[in-house]
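Single-letter residue listing:
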Amino acid sequence: MSALLDRATTGRNTPGQGPQDTGTKKPGMGVQPWLMAFGIAVGVAGAALSLNGVLRGWAWYPPLLTVVAGVSFSVAALRSVRARPVLVTGGGFVVLIAITNLIFFRSSSLLGIFPSAQSMDAVGEALRRANETVISESVPVAPNAGIVLVCCVAVGVLVILIDALAVPLAMPATSGLGFLAIMVAPALLKPQSVGAPGFLTAAAGFLIILGCSHWFAPDARLAADSTRNPGQARRALVTGGAVLAASLIVPLAIPGFTQGTFPQGSRLNTWGTADGLNPMISLGNSLRAPTGSGRISYATNATNPPYLRSVTVDTFSGESWGPDDREGSRRPGTDRFDNDSSLAPDAQVRQVTAVSAGNFTSPYLPAPYSPDSVSGLTGQWTWDPLTLSIKGTDTSTRGQQYTVESSTPVLSAELLARASAPPTGISGIFSATPLDVPDIVRTTAQSVAGAEQNPYDKALAIQRYLRSGQFTYSLDSPAQGGYDGNGLSVLADFLTQKSGYCVHFSSAMAVMARLEGIPSRIAVGYAPGRLTGNTVAVDGEGELTEYEVDSRDAHAWPELYFEGIGWVPFEPTPSRGVVPDYTIDALSSLNPNSDDQAPDLAPGNPEATVPTATPTPSAEAGVGVDSSGTASGFRLAPALLAVAMLLVVLAVLGTPRLIRSSRRLRRERPTPSPTAVPLAWDELQDLGADYGLPSLPSETPRNYSQRLRDSGLLGEPAGVDNAAHIAVATLAADFERTAYGRPVENTSAVRGDLMVDDLVVRLGRVRASLAGNAGRIQHFRSQWLPQSVLRRH
């Protein structure tokens, strides 16, 4: 009885709970599972927007969005049929496996969605590729099939986890941890941190989850405190102020944070800043940069601008190649180097190069090869006797200005052709061939260079093959085909697809040269620079012509060792760098139509630009290819992205209307007589609130009924609107009788010609009268911004 008096005093009933009804609707009824799935999908898909910048471009987003939508709404479907929680979660994992098989491995899966032995092998290969990318590349990484697969599986698992926290475990607030898990990587790695779009969309999804949980699974202990009061407002202001103050103060007190507030700042900076060359020879990110960073200027007395070499890679085993610093054998100081050329001094040309590193930041010093001495450096520097690579021990290149004296051998085709003796007196690391070289690499090397008689002819044959019309220079093909990076498996894919950039061409020539008995290594640095139009005065040399390079000039090229001569650079990459003089004549005589005759590739001329060609991606990737050769399954057109974002915005704006409609439908469906009248009274109060007349906490049903009829919202109590006035009065009377009277079998009674028994009909008359007497703006607000929903959530 006390519960009935409380409800009569407040003038409101808990939705779904009448005066004699102690039960609460179970989750999974009506629209609740679908609204919860919508909130989860919006939050996860929004948080994933922040991954742009960690992953390059948007090609990864369509498959990720497909996984998020498929898993979240599949879980909603299972919950809507009242499946047990463990079956719902298990079903989510089954759907996740099916969708990932359909997207990535449909050609090797049973019926396109069920795993098979072949698809499991493809999964292992994709995960290995993802591991290579994580190890060898810096952000933003190329979205190859392995990386996209890992991201899709991760967000799919997070969708299932967030759903489990929000619904069966009844801990919706903790579901926000799932969104934070997605945004951790961008917050740590991206210079711009998470970004506003991703953060705000994730926050919107999180609020939908909280609102859905609050309405469909209310806590009975909070029923009496469901309306706002001054105490709640004060607590909200204090809490919000404390959080804001913490976000401003904590980053200042904790070392390792950059300036700003989350999400645009407060980025953990564990590894420090860098604006230089990635020593892991995955140069695609630098080459793809629309604007160059890490500018280096240098002036030289050389006839043509030299290559600047930073480091070498000489170990080709495994799936990720990198430089071996050989810390134990490095020598201190840069005042004198042991020139590794076997030629007499009079067969070498002395060069002087003055370098200004500017903001370029790297432990490896760019210098022409081979250096004799370096002066002007600050800090401690060491060099490797085997490669002459220079590295700082307690400093970097940033802000350094130094002068390099180097010796360049005068080479010719005749001189190199005479160097036919097997190499001796050189470390075996430069001749070691990996045990796991793919068959395509071995067979290609044998077919291209196996018939040649001396090392020089073999080297020319390999360079000629790679520079032929069979291969194209492309920065996009490796990323789209899933072989961006380095390693033997990447090399195999490159020789299959025949499209890539300098890393692939130089790796192919270096490995094939070793297979043919020629010692080799890969040099990483910068291709010859561009003229700045300025000159620089260098002591003892006068005015020298100045050149510049930046990240867009990052380059890798092979160096081969010839007995009696030393290390000799080659240029197998078409349209990049400069083809050496000692290979042009030989190539031209063998192939008059070779592109190496082109004047834009001759020494001293700027590099050419070759149209990008795109190979067909691997079948295991499960990605379609359109007529232009672009992987259509991994591409998101800007228009499609705009439409998707528009749909998300519209869906968020339509959430209050969706909640209001579902509440009305739930109240108006057939229910036992004792609960039908309280539900109808709740609907009447919500109708009044939507049109600007909410009930007061201390207002009785009779007082509210009279105030609604006197407000003018129902029109004058005459004519056709008289029916709405009568409907309000009779609904109030029925609720009072139900709340305070003795329980009866039928609370409805005949009250004249216009008195109807059907509560829905009476509510319909009130709704029609309110809509007919309201202005356009007021009617729009009642439909799309219903206060009965907004003031609760």
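What you see is a predicted model, and the numbers here were worked out from it, not measured in a lab.

Q: For the pattern of salt bridges, give the residues involved together with the corresponding values.
A: What the rule picks out here adds up to 24 salt bridges. Where Arg 663 meets Asp 686, a salt bridge forms, and the shortest distance between an N and an O atom there is 3.2 Å. Here Arg 663, found in helix α18 (residues 638-668), pairs with Asp 686, found in helix α19 (residues 673-690); they are 23 residues apart in sequence, far enough to count as distant. Classification of Arg 663 by relative accessible area gives buried; the value is 0%. Among the ionic pairs, Glu 683 bridges to Arg 767, the shortest N-O distance being 3.3 Å. One end of the pair, Glu 683, is in helix α19; the other, Arg 767, is in helix α22 (residues 759-773), and 84 residues separate them in sequence. If you follow the salt bridges from partner to partner, you end up with Arg 530, Asp 550, Arg 552 and Asp 553 in one network.

Q: How would you sum up the environment of Gly 566? Please name residues and give values.
A: As for its placement among the helices and strands, Gly 566 is situated in strand β15 (residues 566-569). Along the primary structure Gly 566 and Pro 423 are separated by 143 residues, whereas in three dimensions their C-alpha atoms are 9.6 Å apart.

Q: Outline the packing of helix α12 (residues 439-449) against helix α15 (residues 488-497), listing residues and values.
A: Describing two packed helices takes the angle between their axes plus the distance from one axis to the other. For the pair α12 and α15, the least separation of the axes is 8 Å and the interaxial angle reads 55°. Of the possible angle classes, the one that applies to α12 and α15 is oblique. The two elements α12 and α15 cross, and the hand of that crossing is left-handed. In this structure, α12 uses Ile 440, Val 441 and Thr 444 to contact α15, whose residues at the interface are Leu 491, Ala 492, Leu 495 and Thr 496.

Q: Tell me about the nonpolar core, and please be specific about residues and values.
A: Ranked by internal contacts, the top residues of the largest apolar core, which has 76 residues, are Val 374, Leu 466, Phe 494, Leu 560, Phe 562, Ile 565 and Val 568. The greatest single-element share of this core, amounting to nine residues, is contributed by helix α16 (residues 502-515). Contacts of Phe 562, omitting those with residues within four sequence positions, involve Leu 416, Ala 419, Pro 455, Tyr 456, Ala 459, Val 568 and Phe 570. Core analysis: the next-biggest nonpolar cluster, separate from the first, contains 53 residues, Ala 45, Val 71, Val 148 and Val 167 among them.

Rules used throughout
Residues numbered from 1 in each chain as written. Predicted model: local features only at pLDDT ≥ 70, side-chain atom pairs only at ≥ 80, totals over all residues. Heavy atoms only, no water. Salt bridge = Lys/Arg side-chain N within 4 Å of Asp/Glu carboxyl O. Helix = DSSP H or I, 4+ residues; strand = E, 2+ residues; numbered from the N terminus. Buried < 20%, exposed > 50% of the residue type's maximum accessible area, 1.4 Å probe, protein only. Axes fitted to C-alpha atoms, helices over the stretch in contact; angles between N-to-C directions. Parallel < 35°, antiparallel > 145°, perpendicular 65-115°, else oblique. Left-handed = near helix turned anticlockwise from the far one by under 90°. Contact = heavy atoms within 4.5 Å. Core = buried A, V, L, I, M, F, W, Y, C linked by side-chain atoms within 4.5 Å.

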